[in-house]
Amino acid sequence: MDAVKLVVTAEDFDPGAEIALLSSGAGTSGALATFIGLVRGGTDGVSAMTLEHYPGMTEREIAKIIAEARSRWALERVTVIHRVGRLLPGERIVFVGVAGRHRAEAFAACEFLIDWLKTRAPFWKLEETAAGERWVESRDTDDKRALRWEE
Amino acid sequence: MKIVYFAALRREIGIGEESVAPPADLATVAQLLDWLKSRSPAHAKALSAPRVLVAINQDYAGQDSAIAADDEIAFFPPVTGG
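Since the model is a prediction, treat every value here as computed from it, not as a measurement. (Residues numbered from 1 in each chain as written. Chains lettered and ligands numbered in written order. Predicted model: local features only at pLDDT ≥ 70, side-chain atom pairs only at ≥ 80, totals over all residues. Heavy atoms only, no water.)

J.: Requested: an account of the packing of helix α2 (residues 57-72) of chain A against helix α3 (residues 103-120) of chain A, with residues and values cited.
T.: All names here are of chain A. Following both chains from N to C, one finds α2 and α3 inclined at 150°, their axes separated by 10 Å at the closest point. One way to sum up the angle between α2 and α3 is to call them roughly antiparallel. Both α2 and α3 take part in a crossing whose hand is right-handed. The segment α2 lies against α3, with E61, I62, I65, I66, E68, A69 and R72 engaging F112, L113, W116, L117 and R120. Within the contact of α2 with α3, the residues separate by chemical class into eight nonpolar, no polar and four charged. (Axes fitted to C-alpha atoms, helices over the stretch in contact; angles between N-to-C directions. Helix = DSSP H or I, 4+ residues; strand = E, 2+ residues; numbered from the N terminus. Parallel < 35°, antiparallel > 145°, perpendicular 65-115°, else oblique. Left-handed = near helix turned anticlockwise from the far one by under 90°. Contact = heavy atoms within 4.5 Å. Nonpolar A, V, L, I, M, F, W, Y, C, P; charged D, E, K, R; others polar.)

The structure is reproduced here in structure tokens:
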């Protein structure tokens, strides 16, 4: 089985199945960490959001980010699933999962992956509100979180 | 040369992609951007946003990056996925 699973899709994913896949036949892994991003409900009357991406480049950038994570930590398996298209509050947007030897590297690698994904992978969110549509602005806090890993 | 736009830039310019034949003496992304701004008021406004990211053949590039006639060059706002 491939050590890396990378999917950009309009379809929902099954977190349990993804965790099972990450842990199945795990040879030297002693830790599995995951992150799931959701469409936040109840903020400013956002009724839905649409994720746009750059087919081809998005997958390439995520592959580069995964390769960078694997160069920094000994990871047996990595899964990144990112959804595109129109999503409702509460729906899953992104899954990041890693299997590694120890929890410290699993936690770190998982956080690194989502931090870099947010600031480097070409996705854009368009929110629907009662007042109309608006593009989500990139946030300095996300940039700062991503920059922590540059040191 | 194929130019592609995403997100707010695509909406503002009104098209997702266009084929262009810029003058042969345009050598860099910055020069291409200036030339593209002259295509329409919508181009000028969208491409003058404070932060416009660029990719050449699906790899991030900079203002000084060299451009070639058969490149696919993308312009888009800062990314907001995850």
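J.: So, the pattern of salt bridges: which residues are in play, and what are the values?
T.: Residue and element names in this part refer to chain A. Scanning the model with the defined rule gives 22 salt bridges over all chains in all. The partner of R145 in a salt bridge is E111, with the nearest N and O atoms 2.5 Å apart. You can see R145 sitting in helix α4 (residues 140-147) and its partner E111 sitting in helix α3, a full 34 residues away along the chain. Relative accessible area serves as the criterion here: at 31%, E111 is assigned to the partly exposed category. Residues R145 and D115 are paired through a salt bridge, measuring 3.4 Å at the closest nitrogen-oxygen approach. Highlighted residues: R145 in helix α4 and D115 in helix α3, separated in sequence by 30 residues. Taking relative accessible area as the criterion, R145 reaches 34% and is therefore assigned partly exposed. Salt bridges here are not isolated pairs; linked through shared partners, they connect D12, R83, E91 and R92. (Salt bridge = Lys/Arg side-chain N within 4 Å of Asp/Glu carboxyl O. Buried < 20%, exposed > 50% of the residue type's maximum accessible area, 1.4 Å probe, protein only.)

J.: How would you sum up the interface of chain A and chain B? Please name residues and give values.
T.: Taken together, the contacts link 30 residues of chain A with 21 residues of chain B. Summed over both sides, the interface of chain A with chain B buries roughly 2,000 Å², with 52% coming from carbon and sulfur. Counting the contacts that link chain A with chain B gives four salt bridges. Among the ionic pairs, B:D59 bridges to A:R60, the shortest N-O distance being 2.7 Å. Joining chain A to chain B, the criterion identifies 14 residue pairs in polar contact (both at pLDDT 80 or more). Broken down by secondary-structure element, the contributors of at least two residues to the side of chain A that touches chain B are β3 (46-53), α2, β6 (92-100), α3, β7 (123-129) and β8 (132-135) of chain A. The dominant element in the side of chain A that touches chain B, judged by the number of residues it contributes, is α3(A), at five residues. For the side of chain A that touches chain B, the class distribution of residues is 15 nonpolar, five polar and 10 charged. (Buried area = accessible area lost by both parts, 1.4 Å probe. Polar contact = N/O pair within 3.5 Å; in protein donor to acceptor, adjacent residues only side chain to side chain.)

J.: If you had to explain the confidence of the model for chain B to someone new, which residues and values would you point to?
T.: In regions of low pLDDT, the predicted coordinates are not meant to be interpreted in detail. When pLDDT is averaged along chain B, the result is 97, and 100% of the positions lie at 70 or above. Scoring the predicted complex yields pTM 0.94 and, for the interface, ipTM 0.95. (pLDDT = per-residue confidence, 0-100.)

J.: Let's hear about the packing of α3(A) against α4(A): which residues, and what values?
T.: All names here are of chain A. Put simply, α3 and α4 touch, their axes get as near as 9 Å, and they point 135° apart. If you check the angle between α3 and α4, you find them oblique. As α3 packs across α4, the resulting crossing turns out to be left-handed. Contacts from E111, D115, W116, K118 and T119 in α3 reach D142, D143, R145 and A146 in α4. Its residues assigned to classes, the contact of α3 with α4 shows two nonpolar, one polar and six charged.

J.: Give a detailed account of the sheet that holds β8(A), specifying residues and quantitative values.
T.: Residues and elements named next belong to chain A. The four strands lie next to each other as β5-β3-β7-β8, forming an open sheet whose pairing is antiparallel. Each of the sheet's edge strands pairs with one partner strand only, and the pair in question is β5 (85-87) and β8. Between one strand axis and the next, the sheet turns by 25° as a mean value, whatever way the strands run. In terms of strand pairing, β7 meets β8 through four bridges, oriented antiparallel. Within β8, the position partnered with E128 by the bridge is E133. (Pairing = 2+ DSSP bridges.)

J.: Now, about the side chain of B:D71: what can you tell me, with residues and values included?
T.: Residue placement: B:D71 occurs in the loop between β4 (59-61) and β5 (72-76). Buried charge B:D71 goes without a salt bridge, the closest partner of opposite sign being A:R60 at 11 Å. Within the structure, the side chain of B:D71 is placed 2.7 Å from the backbone nitrogen of B:A68, a separation counted as a polar contact. Dropping the residues within four chain positions of it, B:D71 is found in contact with B:M1, B:K2, B:I56, B:N57 and B:A66. (Lys, Arg positive; Asp, Glu negative; His and termini not counted.)

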